[in-house]
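Examining the three-dimensional arrangement
If you want the building blocks of each chain, they are given just below.
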Amino acid sequence: MASDLANDLASNLASNLVSNLANNDVEVVVVGGGAAGIAAARRLREASIDCLVVEARPRLGGRAWTVIDGSGFALDLGCGWLHSADRNPLRGIAEEQGASIDKTPPPWQRPSLEIGFPRAEQNDFHNALQSFFARLERIAERESDLPAATFLDPGSRWNGLINAVSTYISGAEWDRISAKDFDRYEDSGVNWRVLEGLGSVVSACGAKLPAMLDCPVQRIDHRGKRLRIETTKGVITADQVIVTIPSSLLAKEQLVFTPALPQKTEAAVGLPLGYDDKLFMSLDDADEFAKDVRLFGHTDRAATAVYHFRPFGRPQIEAYFGGRLAAELEANGDAAFFDFAVSELTGSLGNDFRRRVKPIQIHRWGCDPFSLGAYSYALPGSAGCRQALAEPVDNRLFFAGEACSLADFSTAHGAWHTGVIAADHLIAVRTKR
Ligand SMILES: Cc1cc2nc3c(=O)[nH]c(=O)nc-3n(C[C@H](O)[C@H](O)[C@H](O)COP(=O)(O)OP(=O)(O)OC[C@H]3O[C@@H](n4cnc5c(N)ncnc54)[C@H](O)[C@@H]3O)c2cc1C
């Protein structure tokens, strides 16, 4: 059963947790225990460097987070897809952990339900979307850093839905997105999932790491010979630090650097986290629908959720909300998502459909104080910010996290790569000393 492995993976986590700061002097502190922080710390440990992961939440994984629902299904509230699965390091790690990889092609690569969206219209939309991407790819790199919306065909009837797609990919509509940055994203087109949850896979990777949980870092003082990392549980001293917290928090200076690092704040401001939220619902008489098929709530506007019916064949619907719609719903609380979903689903499937669905779980990532959003996009004019954010300071402060990835941003494997890169850089600096 999926839940057994997910529970095993989670219970492994207890082993190396540090409950107090008795040993408050280490070689390297890794701030944040998401995919990037875990990858970095594992690399440091392989190089026999004494490190400590300091994590604000009471769990590791960050935006990689699997929960088990009342029926024993593993639900990924954050990342779920192994994007670019054929070159994604988390796929091999999941396999080593004994997790099951589901290779069913994702709903967005297959025809949608035809309810309110006949096949001919789906083809028309698909062609419009591909033409938009082709225009963007052709022109983005040689132009100044324009909003991606510049490349929409002003006469196209599909601009609403093309914008909805942007909210699922980037968490914001195309007018907010740097065309240059978006164009740099590399996607192999292979998308797989983990039955036991991608979040469980990531957090289990932290099982053997020394980690201090429930311990937000408030300030990093880099004036002296040694770094002072001030946390809610006391001060830690270290030679070097790898900061992996989301760019949204760096932009708001929720972690203070003394002296300040205005170039980092500026880079982070250019890389906000978009809004994306998943609502899981149970579905009665699910067999009426094919497994792993999608339905758009509306096809003529951006403010629509997309509904993934029977993910993994389960009697559920996974609804995805993004951009301005998700931001508005977040402001109105969890119930607003279910109400919105029911109104769209009954609009397409008839009034009786409301009796067949019940909410299971949602997490509002934009309201979560330790992420303030789902994943990063670059604002128009900010295509250089990822490089600027990733740049180390004085060979003592290193930066990682999905927002630092030049071509795999917004993803768990992108975050993982940046953690490895930052750790390797740090190790190289120590070796030369
Ligand atoms: C709804 C949703 C769907 C997604 N879908 C996918 C998907 O299908 N596939 C995919 O690859 N990616 C997906 N992603 C994106 C993916 O989850 C993230 O890109 C990735 O997990 C980010 O990892 P990270 O280490 O960069 O950041 P995080 O996971 O955010 O880790 C940073 C850590 O820092 C901690 N922290 C914050 N402030 C402090 C502080 N002051 N002190 C100490 N610790 C602090 C946080 O608690 C967190 O644990 C999705 C994300 C969301 C929200």
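Here is what the cut-offs are and how they apply
- Residues numbered from 1 in each chain as written.
- Predicted model: local features only at pLDDT ≥ 70, side-chain atom pairs only at ≥ 80, totals over all residues.
- Heavy atoms only, no water.
- Pairing = 2+ DSSP bridges.
- Helix = DSSP H or I, 4+ residues; strand = E, 2+ residues; numbered from the N terminus.
- Axes fitted to C-alpha atoms, helices over the stretch in contact; angles between N-to-C directions.
- Contact = heavy atoms within 4.5 Å.
- Buried < 20%, exposed > 50% of the residue type's maximum accessible area, 1.4 Å probe, protein only.
- Near = heavy atom within 4 Å.
- Polar contact = N/O pair within 3.5 Å; in protein donor to acceptor, adjacent residues only side chain to side chain.
- Areas by Shrake-Rupley, 256 points an atom, 1.4 Å probe, with all protein chains shown as cover.
- Nonpolar A, V, L, I, M, F, W, Y, C, P; charged D, E, K, R; others polar.
- pLDDT = per-residue confidence, 0-100.
- Phe/Tyr/Trp six-rings, centres within 6.5 Å; stacked < 30°, edge-to-face > 60°.
- Lys NZ or Arg CZ within 6 Å of the ring centre and 35° of its normal.

So, the sheet that holds strand 13 (residues 276-283)
Strand order across the open sheet formed by five strands is 14-15-16-13-17, with antiparallel pairing between neighbours. Of all the strands in the sheet, the pair left with one neighbour each is strand 14 (293-296) and strand 17 (357-362). The sheet shows a mean angle of 25° between the axes of neighbouring strands, direction not considered. Inspection of the sheet shows strand 13 paired to strand 16 (residues 316-322) by seven bridges, in the antiparallel sense. Looking at the pairing, Met281 lines up with Ile317 of strand 16. In the packing of helix 10 (residues 323-331) onto the sheet, the strands contacted are strand 13 and strand 16, and the crossing angle to strand 16 comes to about 105°.

A short note on the pairing of strand 13
Of all the eight residues making up strand 13, seven are buried; the element is thus mostly covered by neighbouring parts of the structure. As judged from the five bridges shared by strand 13 and strand 17, these two strands associate in the antiparallel manner. Across the sheet, the residue bridging to Leu279 is Ile362, located in strand 17.

Some details on the sheet that holds strand 6 (residues 101-102)
On the basis of which strands lie adjacent, the open sheet formed by three strands has the order 5-7-6 and antiparallel pairing. This sheet does not close on itself; its edge strands, each paired only once, are strand 5 (81-82) and strand 6. The pairing of strand 5 with strand 7 (residues 192-194) spans two bridges and is antiparallel. Along strand 7, the bridge assignment pairs Trp81 with Arg193.

As for the site of the ligand
Close contacts around the ligand come from 39 residues, with Glu55, Arg63, Trp81, Val217 and Ala412 the closest. One of the side-chain N or O atoms of Arg57 is found 3.0 Å from an oxygen atom in the ligand. Contact between the ligand and Val217: a nitrogen atom at 2.8 Å from a main-chain N or O atom of the residue. Out of a free accessible area of 1000 Å², the ligand has 98% covered by protein chains. Residue composition of the shell around the ligand, grouped by class: 21 nonpolar, 12 polar and six charged.

Description of the environment of Val393
Of note, Val393 is situated in the loop between helix 12 (385-390) and strand 18 (397-399). Apart from the residues lying within four places of it in its own chain, the contact partners of Val393 are Leu261, Gln263, Lys264 and Phe399.

Some words on unusual backbone geometry
When glycine is set aside, most residues are seen to have a negative phi, and most peptide bonds are trans. The linkage connecting Thr258 with the following residue, Pro259, adopts the cis geometry, with an omega of -5°. Within the fold, Pro259 resides in the loop between strand 12 (256-258) and helix 9 (262-269). The phi torsion at Leu372 lies on the positive side, around 50°, for a residue other than glycine. Among the secondary structure elements, Leu372 is positioned in the loop between strand 17 and helix 12. Phi at Ser410 is positive, roughly 70°, even though this residue is not glycine. Looking at the element boundaries, Ser410 is found in the loop between strand 18 and helix 13 (412-432).

Examining the confidence of the model for the protein
For the protein, per-residue confidence averages 95 on the pLDDT scale, and 95% of positions sit at 70 or higher. Contacts from residues 1-15, a stretch scored under 50 in pLDDT, to residues over four places away or in other chains number 24 contacts.

Quick word on the packing of aromatic side chains
For the structure shown, the criterion picks out 19 aromatic pairs. With 6.2 Å between their ring centres and 85° between their planes, Phe125 and Phe296 make a pair best called edge-to-face. One end of the pair, Phe125, is in helix 4 (residues 119-140); the other, Phe296, is in strand 14, with 171 residues separating them in the sequence. Where Phe321 meets Phe337, the ring centres are 5.0 Å apart and the plane angle is 85°; that geometry is what we call edge-to-face. In this pair, Phe321 sits in strand 16 while Phe337 sits in helix 11 (residues 334-349), placing the two residues 16 residues apart along the sequence. Exposure class is identical for Phe321 and Phe337. Each is buried. Every member of this aromatic cluster is reached through a ring pair, and the members are Phe117, Phe125, Trp158 and Phe296. Above the ring of Trp192, the side-chain terminus of Lys103 is found at 4.5 Å from the ring centroid. Its end group placed over the ring of Phe312, Arg193 keeps NZ or CZ at 4.1 Å from the ring centre.

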